[in-house]
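Listed here are the chains, written in short residue letters.
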Number of protein chains: 2
Amino acid sequence: MGLSIKEIQAPIAKEMDAFEGKFRSFMKTKVMLLDTIMNYIVQRKGKQLRPMFVFLTAGLCGEINEKTHRGAALIELLHTATLVHDDVVDESNYRRGFFSVNAVWKNKIAVLVGDYLLSKGLLLSIDNNDFDILKIVSTAVREISEGELLQIEKARKLDITEEVYFEIIRQKTATLIAACCGAGVSSVGADAETVEKARIFGEKIGIAFQIKDDLFDYGDAEIGKPLGIDIKEKKMTLPLIFALNQSDWSTKRKIINIIKNESEKPNKVEEVIDFVKKSGGLQYANKVMERYKQESLDILSTFSDSIYRTSLAGLVEYTINRVK
Amino acid sequence: MGLSIKEIQAPIAKEMDAFEGKFRSFMKTKVMLLDTIMNYIVQRKGKQLRPMFVFLTAGLCGEINEKTHRGAALIELLHTATLVHDDVVDESNYRRGFFSVNAVWKNKIAVLVGDYLLSKGLLLSIDNNDFDILKIVSTAVREISEGELLQIEKARKLDITEEVYFEIIRQKTATLIAACCGAGVSSVGADAETVEKARIFGEKIGIAFQIKDDLFDYGDAEIGKPLGIDIKEKKMTLPLIFALNQSDWSTKRKIINIIKNESEKPNKVEEVIDFVKKSGGLQYANKVMERYKQESLDILSTFSDSIYRTSLAGLVEYTINRVK
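Residues numbered from 1 in each chain as written. Chains lettered and ligands numbered in written order. Predicted model: local features only at pLDDT ≥ 70, side-chain atom pairs only at ≥ 80, totals over all residues. Heavy atoms only, no water.

Broken down by element type, chain A carries 15 helices and two strands. For chain A, with 324 residues in total, the buried portion stands at 59%. Of the contacts formed within chain A by residues at least 6 apart in sequence, a portion of 75% connects residues at least 24 apart. (Helix = DSSP H or I, 4+ residues; strand = E, 2+ residues; numbered from the N terminus. Buried < 20%, exposed > 50% of the residue type's maximum accessible area, 1.4 Å probe, protein only. Contact = heavy atoms within 4.5 Å.)

The following block contains the structure:
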């Protein structure tokens, strides 16, 4: 079903290879402790979805160049900075199966390393006059932190409308993929209108991506058993919000009460999962996700055809059909 | 002795007044939780030394304008961001006599608020094409986090040379005052050479400022009793480094052993303080501080005479002679 990551990457395989070396050299520093941490971070890198979006959208509109590489590096530096900070924020001791930076080196170092990465990325752009990309990315940083804070503010009340939900995931998750696409297209000299179109294309995928993540919590993957982690953490996701809005007042009160006071008990989490499933929350979230996917593909189809466009369509499908 | 803060501020009193309102409006946000925290931060503002340096150096070389205000706001946003992060880093629950943001709202929120402030400041510069100021300030962000990490790395070994000490305080403390002076001068259109000269002027004051801080720990102020907080925190400051370098091997080993293993005991801290005083550590640090002060005044004298220059000379003296 759809293209594999390898097939998607084919048109930019050489670029992705070169990028790894360049990224390492961007991160070089004379402070030994920092260098050790940087190496540790580079070694645990993930699927590299973000650089892929940057390079593929750049190819879509022009010739991939050094500015494209710097754009991808800035976003990776920023993303790594937010992950390092997130580990502090979530008090999480693991990341991709390894200990997180804050678990190994303590919170204080994690905060500083995040700040350092961020400023390194900024300087890379400033030194090369990549101000268009800088603006796209700084806007993303502001939106991401604002989105996280909005989520924290709303989480206390456990009363989130769909509207607030979409605002949170747009800011928290979708903004960064949108920035990847905007930066990619901007790096090859596209006009402001095209940059904005690419940004919105990325935003739609980002929203679909997050809804997919929400669904995983209910064991929607082929392999998976329900996890209920979001419920334990009192996170209001789309399937749950829909289910609550469908139910009568007393059921709603009962479910909210479980989430508030009994989300530590496995059988109670199970009860919430059953409730969401019976209320059609999963079908609804799936339908919304498909709609966002289709909207992103519609935007993509307005760009002229190329191997990059085919790969991007494959990447959209991959985002929705991934099993992890 | 010297000018008072009020006298120093006289040439820029109107600007400083206007700045407060502008800064508040720059910080506005639609996320309520964030707005509450911002108000909390603005209310506890300090002596505003940084904006003063920006405005006075701008006046030194030209006409204070909107760009000067944006430069001062960027630096205040950045400085506030680092303070909020520092409170996480130091696990400190107080700041200027109030609870710190992380004590009231927890670490996770403090980290996010810091990121948010930083990105807000960046966007203010980017939206107005203040790329010269942006570069000065981003360089400062990188140096500050690098300096903090260098200090952490070195602190583990308790074996710091004067050279490393100066590198740490240059990066940690002096860089931000240097950035204030560079940004101020750059905001009125000075050439690159003048900007660099202003930056170095600020760096010298910054170093003198930090040495003064080190001396406070030994009760060098008119009122004060020795504090020994740096010793308790195993921070290697200039008076101590000098004293250790003056002493024989066995004394050095004894003092380092106290700092490493017994710095919780008040009488042991007292012993280190006595050791530093007897070794002439305070006189030495005072002498070095005076040298940096003189170097900064020498640079200042190469700018043409004005009320701003007089105020800046007063500000340099104030930095060295302050009692808190």
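Having seen the model, we can carry on.
Let's shift gears to the interface of chain A and chain B. Buried accessible area, meaning the area lost when the parts come together, often serves as the stated size of an interface. Taken together, the contacts link 42 residues of chain A with 42 residues of chain B. Summed over both sides, the interface of chain A with chain B buries roughly 4100 Å², with 73% coming from carbon and sulfur. At the boundary of chain A and chain B, one finds two salt bridges. Close ionic contact of Asp127 of chain B with Lys135 of chain A constitutes a salt bridge, the shortest N to O distance being 2.7 Å. For the pair chain A and chain B, the interface holds five residue pairs in polar contact (both at pLDDT 80 or more). (Buried area = accessible area lost by both parts, 1.4 Å probe. Salt bridge = Lys/Arg side-chain N within 4 Å of Asp/Glu carboxyl O. Polar contact = N/O pair within 3.5 Å; in protein donor to acceptor, adjacent residues only side chain to side chain.)

This part covers the packing of aromatic side chains. Residues and elements named next belong to chain A. Counted by the stated rule, this structure contains 11 aromatic pairs over all chains. Judged by centre distance (5.2 Å) and plane angle (75°), the ring pair of Tyr165 and Phe166 falls under edge-to-face. Residue Tyr165 is classed as buried on the basis of its relative accessible area of 4%. One aromatic cluster is present, formed by Phe19, Phe23 and Phe55 through successive ring pairs. (Phe/Tyr/Trp six-rings, centres within 6.5 Å; stacked < 30°, edge-to-face > 60°.)

Here we come to helix α12 (residues 249-261) of chain B. Residues and elements named next belong to chain B. Relative to the 18 Å expected for 13 residues at 1.5 Å per residue, α12 spans 18 Å between its end C-alpha atoms, a close match to the ideal helical length. Every buried residue of α12 is accounted for by Ile255, Ile256, Ile258 and Ile259. Buried positions in α12, seen along its axis, are confined to an arc of 155° and lie on one side of it. In α12, the exposed positions that point more than 90 degrees away from the buried face belong to Trp249, Arg253 and Asn261. In this structure, the buried residues of α12 make contact with α10 (229-232), α11 (238-246) and α13 (266-278). Structurally, the start of α12 carries an N-cap: the backbone nitrogen of Ser250 is 3.2 Å from a side-chain oxygen of Asp248. (Expected span 1.5 Å × (residues − 1). Arc of directions from axis to C-beta.)

So, on to the environment of Tyr292 of chain A. Residues and elements named next belong to chain A. Inspection of the secondary structure assignment puts Tyr292 in helix α14 (residues 281-300). Judged by relative accessible area, Tyr292 falls into the buried class, the value being 12%. Leaving out residues up to four positions away in the same chain, Tyr292 has contacts with Phe166, Lys204, Ile207, Ala208 and Ile211.

Right, let's talk about helix α7 (residues 131-155) of chain B for a bit. Counted at 1.5 Å a residue, the expected span for α7 of chain B with its 25 residues is 36 Å, and the 36 Å between its end C-alpha atoms agrees. Taking burial as the measure, the 25 residues of α7 of chain B include 18 buried ones, the bulk of the element.

Residues and elements named next belong to chain A. Applying the stated criterion to the full structure yields zero disulfides over all chains. Here Cys61 stays unpaired: no disulfide links it, and the sulfur of Cys181, its closest cysteine neighbor, is 10 Å away. Of all cysteine sulfurs in the structure, the one in Cys180 sits closest to Cys181, which takes part in no disulfide; the separation is 6.3 Å. (Disulfide = S-S within 2.5 Å.)

Right, let's talk about the relation of the copies chain A and chain B for a bit. With an RMSD of 0.0 Å, chain A superimposes on chain B once it is rotated by 180° and translated 0.0 Å along the axis. The transformation just described matches what one would write down for a two-fold rotation axis. When C-alpha distances to the rotation axis are compared across chain A, the minimum falls at Val111 of chain A, with a value of 3.6 Å. Interface residue correspondence from chain A to chain B reaches 100%, placing this contact among same-surface, isologous pairings. (Least-squares fit on C-alpha atoms with pLDDT ≥ 70 in both.)

It is worth spelling out the packing of helix α4 (residues 49-61) of chain B against helix α8 (residues 162-187) of chain B at this point. Residues and elements named next belong to chain B. At their nearest, the axes of α4 and α8 sit 7 Å apart, and the two run at 35° to each other. For α4 against α8, the interelement crossing comes out right-handed. Facing Arg50, Phe53, Val54, Thr57, Ala58 and Cys61 of α4, the residues of α8 in contact are Leu176, Ile177, Cys180, Cys181, Gly184, Val185 and Ser187. Class assignment of the residues belonging to the contact of α4 with α8 gives a composition of nine nonpolar, three polar and one charged. (Axes fitted to C-alpha atoms, helices over the stretch in contact; angles between N-to-C directions. Left-handed = near helix turned anticlockwise from the far one by under 90°. Nonpolar A, V, L, I, M, F, W, Y, C, P; charged D, E, K, R; others polar.)

Structurally, Thr237 of chain B is set in the loop between α10 and α11. With residues up to four places along the chain from it excluded, the contact list for Thr237 of chain B reads Tyr165, Asp214, Tyr218 and Asp230 of chain B.

So, on to the confidence of the model for chain A. All names here are of chain A. Confidence in the prediction of chain A, expressed as mean pLDDT, is 86, and 89% of residues score 70 or more. When mean pLDDT is compared element by element in chain A, α14 scores highest at 97, while strand β1 (residues 94-95) scores lowest at 48. Reported for the predicted complex are a pTM of 0.80 and an ipTM of 0.72. (pLDDT = per-residue confidence, 0-100.)

Attention shifts here to the nonpolar core. Counting 218 residues, the largest nonpolar core has Ile211 and Leu240 of chain A together with Ile211 and Leu240 of chain B as the members making the most contacts within it. Non-local contacts of Leu240 of chain A, meaning those with residues more than four positions away in its chain, are made with Tyr218, Lys235, Ile255, Ile259, Val272, Phe275 and Val276 of chain A. (Core = buried A, V, L, I, M, F, W, Y, C linked by side-chain atoms within 4.5 Å.)

Moving on, we get to the pattern of salt bridges. All names here are of chain A. Considering all chains together, one arrives at 42 salt bridges over all chains under this definition. The closest approach of N and O atoms between Glu196 and Arg199, which form a salt bridge, is 3.2 Å. You can see Glu196 and its partner Arg199 sitting in helix α9 (residues 192-216), three residues apart, about one turn around the helix. For Arg199, a relative accessible area of 22% gives the class partly exposed. One salt bridge in this structure joins Lys235 and Glu233, with 3.4 Å as the shortest N-O distance. The exposure class of Lys235 is partly exposed, given its relative accessible area of 31%.

What follows is about the side chain of Gln210 of chain A. Locating Gln210 of chain A in the fold gives a position in helix α9. If we skip the residues at most four places from it in the chain, Gln210 of chain A touches Ile169 and Thr173 of chain A.

This brings us to unusual backbone geometry. All names here are of chain B. Even without glycine at this site, Asn129 takes up a positive phi of about 55°. Relative to the elements of secondary structure, Asn129 occurs in the loop between α6 (101-127) and α7. Even without a glycine there, the phi angle at Lys234 is positive, about 60°. Examined against the element boundaries, Lys234 turns out to sit in the loop between α10 and α11.

Moving on, we come to the environment of Thr68 of chain A. Residues and elements named next belong to chain A. If you trace the backbone, Thr68 turns up in helix α5 (residues 66-89). You can call Thr68 buried: its relative accessible area is 0%. The spacing of Thr68 and Val185 is 117 residues in sequence and 8.5 Å in space, taken between C-alpha atoms. When near neighbours in sequence (up to four residues on either side) are disregarded, Thr68 contacts Val54, Phe55, Ala58, Ser187 and Val188.

Residue and element names in this part refer to chain A. Relative to the elements of secondary structure, Lys22 occurs in helix α2 (residues 13-27). We classify Lys22 as partly exposed; its relative accessible area is 23%. When the C-alpha positions of Lys22 and Tyr308 are compared, they lie 22 Å apart, and in sequence the two are 286 residues distant. Residues contacting Lys22, with those up to four places away along its chain left out, are Glu66 and His69.

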